[in-house]
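What the coordinates show
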Amino acid sequence: MEEVDVEPVVTNISGIRPGKRMGFAWGPGDILVYETQNKASGPTGSGCAFIHVVRKDEDIYSPILRKLFNESHHIFVGLQTIKDDLPSKSKKPQFVSISRNYRSVIRACMEELQQAAVSANDTDMATQYGNQVSILLAIELIWNLCEVLFIDAAPAGSLLLHLLDWVRLHKSDVDEKAKGVLQSDSPAEHRDYWDVVLSYVLQGRLEDTRKMLMKQAMLQPAAKGMYKLMDSLLSKMPFYNPGGTQTLTEFDVKWRNWHEEVDRYLKDNSFASNQHLEVICKILLGDEDVLLEHKELLSTWYYFLITRLLYCHPTVKPTELHYYAQSSMMMFLDSGVPEPLDSILLAAFEFDIHQVIKDCSIALNNWWFVAHLTDLLDHCKLLQSHNLHFGSNLREFLLLEYASGLFTHHSLWQCAVDYFDHCPEFGRVYLELQIERVPLDTERKALKVLRICEERQMSEQVRSICKIMAMRAVRNNRLGSALSWSIRAKDAAFATLISERFLQDYCAKGTFSDLDLIDNLGSTMLLSDRLTFLGKYREFHKLYGEKCFSDAAKLLLSLMTAKIAPQSFWMTLLTDALPLLEQKEVIFSAEQTYELMYCLEELTSSLITAASGSGRPMQEEDVEVTKVEMLRLALARNLASAIVKEGTMQT
């Protein structure tokens, strides 16, 4: 897009109090506008500052339009699966089908909005729905024309037939009017009768015209011959058949002969006695003055253009369209100023694709239309020559803008991920930036975001999400969840911290929480030494509970001798060894008992050092001293029993 070197329009924001300044805070989908205070002005009076939220895309918050975004997302993803190596001819029907799918989604939303507008009790809501319908009508009108001219790319002959269908689809009010006429007691005398007849002629619906004229002929027996002649002329008008054997040249000759016949009857004054039939005859000849006299029925310059082509240039070539479009707009609007929609349609008739996209980007209130249309046109190889100065091509730029807007919505952000995935140059960078802004309101949503990051190997974002969720779980005292998130993040330091909390809880309560998680740590316990100890210590308790005393004793001893257990926890481990030392059967061998004694003495010396460092010597009544004495006694007894047992076994 080019820069516009003009002064920006000043927009007054109501609600900002006189004499106040404004500050701005830019977000991904909106702007915060707030009052500020000049420090030099000193304290202000009472009253809080006003904060305004200015959203740049309100449409994503509409429940009905959200369906448009969701449905078009599926079509977009399907379009990306079409292989580039297929021949262009085989891909063209697929592209036309996809284009029609997009338009059907637009029409479905439009119908739902129309129903909502009718049933709305609130006037403001009805007006809002009506405005959205108008925008979608314009979008579908532009898209349909682009489909005809760029995607389907119909040649001369077929081109006019497609343009006629385009006008008939978007100018359907004549059918409503015809319904009212036909349901009346006397259709031929209805006040809208001739408007319907002329509208049918202007749209090239000559069979419908003939049926309506028959009703008038029955009321005027004297003019029956005149109506029969008109019926003959209408029935003879040739229409090109793309699937037939007739060539375009042969059709052109046949059409010119018919045109000359109509002209001859007009000059012979065959219809001079009937004003309405004479007007129809002049329209069939493409009389521009007569066409312009019926602006109310034509309503738009592009409707006038298609009618003019139908009755003057039925074999128009795509390369000639721009000339007729420009002249038709000038003739129809006269000195009037064209609307943005007029400029967009004219650019399409001039085959200036990039001007269409640029004007739509300026005129429309969101990026949905330009992003999807540009993507489709790019797949049709119609935008290959246009790159932007700052790296990304036009398709990618528009998709990135559209997807960034979706990321501000609480649910549509999931659709945006696929758009970023199909932007090869900057898509991943944008996704990494935007995914970090998704609020992790619930654990379920966090898991969704995490899965997206893991599938795309975004390791930094995975760690960030897991840390956030782990910290939140710790604050809520949900240690199991916190440990699970820290393991998923492969964060050894945080896993160590949470393992310490588990051990502290065990010391305080005498039981472990979240046993299912600890019992199924598996190889993940190797993430940190403390986590390894936590897993192994829980394993010791399981062995003890299952009365596998020998295995439990070996594991307990290994936790201390291998320095896996923190020394601060040795007293707990030695205390856990007491029941094993007091068993009738000798569990610890003499060598194992010596190792336990060594650990106890090492622990005792560290306790003495710590006590002297704090200036408080260990007292006899200290609990720790009592435990030490009990352990020494139990170890001495076990050592004696072990020596006797081992000596007996040797003899």
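The text that follows walks through the structure, step by step, so that each part is easy to find. Here the structure is a predicted model, which means the values were calculated and not measured. (Residues numbered from 1 in each chain as written. Predicted model: local features only at pLDDT ≥ 70, side-chain atom pairs only at ≥ 80, totals over all residues. Heavy atoms only, no water.)

**Looking at the pattern of salt bridges**
Counted under the stated rule, the structure contains 28 salt bridges. For Glu-140, the salt bridge identified is with Arg-107, shortest N-O distance 3.3 Å. Here Glu-140, found in helix H3 (residues 123–151), pairs with Arg-107, found in helix H2 (residues 88–119); they are 33 residues apart in sequence, far enough to count as distant. For Glu-140, a relative accessible area of 1% translates into the label buried. The exposure class of Arg-107 is partly exposed, given its relative accessible area of 24%. One salt bridge in this structure joins Asp-441 and Lys-445, with 3.6 Å as the shortest N-O distance. By sharing partners, the salt bridges in this structure join Arg-100, Arg-103, Arg-107, Glu-140 and Glu-147 into a single network. (Salt bridge = Lys/Arg side-chain N within 4 Å of Asp/Glu carboxyl O. Helix = DSSP H or I, 4+ residues; strand = E, 2+ residues; numbered from the N terminus. Buried < 20%, exposed > 50% of the residue type's maximum accessible area, 1.4 Å probe, protein only.)

**Observations regarding unusual backbone geometry**
Despite not being glycine, Lys-381 shows a phi value in the positive range, around 65 degrees. Taking relative accessible area as the criterion, Lys-381 reaches 45% and is therefore assigned partly exposed. You will see that Gln-457, though not glycine, has its phi angle at about 55 degrees, which is positive. Mapped onto the fold, Gln-457 is located in the loop between helix H21 (443–455) and helix H22 (459–475). For Gln-457, a relative accessible area of 68% puts it in the exposed group.

**Here we look at the environment of Asp-252**
Within the fold, Asp-252 resides in helix H9 (residues 248–267). Take Asp-252: its relative accessible area is 19%, and that puts it in the buried class. On a C-alpha basis, the gap between Asp-252 and Pro-238 in space is 9.1 Å, while along the polypeptide they are 14 residues apart.

**With respect to H22**
Here H22 spans 24 Å end to end across 17 residues, near enough to the 24 Å set by a 1.5 Å rise per residue. Among all positions in H22, only Gln-461, Val-462, Ile-465, Cys-466, Met-469, Ala-470 and Ala-473 are buried. Along the axis of H22, the buried positions cluster into a sector of 165 degrees, meaning they face one direction only. Away from its buried face, by an angle of more than 90 degrees, H22 presents the exposed residues Glu-460 and Arg-475. Asn-477 sits one or two residues past H22 and shows a positive phi near 60 degrees. (Expected span 1.5 Å × (residues − 1). Arc of directions from axis to C-beta.)

**Focus: the packing of helix H13 (residues 301–312) against helix H15 (residues 340–349)**
In contact at an axis separation of 11 Å, H13 and H15 are set at 35 degrees when each is read in the N-to-C sense. Between H13 and H15, the contacting residues are Trp-301, Tyr-302 and Leu-305 on the first element and Leu-341, Asp-342, Leu-345, Leu-346 and Phe-349 on the second. Class assignment for the residues of the contact of H13 with H15 results in seven nonpolar, no polar and one charged. (Axes fitted to C-alpha atoms, helices over the stretch in contact; angles between N-to-C directions. Contact = heavy atoms within 4.5 Å. Nonpolar A, V, L, I, M, F, W, Y, C, P; charged D, E, K, R; others polar.)

**With respect to the packing of aromatic side chains**
A full pass over the atoms with the stated rule returns 23 aromatic pairs. Look at Phe-407 and Trp-413: their rings are 6.2 Å apart centre to centre, the planes differ by 40 degrees, and that puts the pair in the tilted class. Side by side, Phe-407 and Trp-413 carry an identical accessibility label, which is buried. Put simply, the rings of Phe-69, Phe-76, Tyr-402 and Tyr-419 pair up and form one aromatic cluster. (Phe/Tyr/Trp six-rings, centres within 6.5 Å; stacked < 30°, edge-to-face > 60°.)

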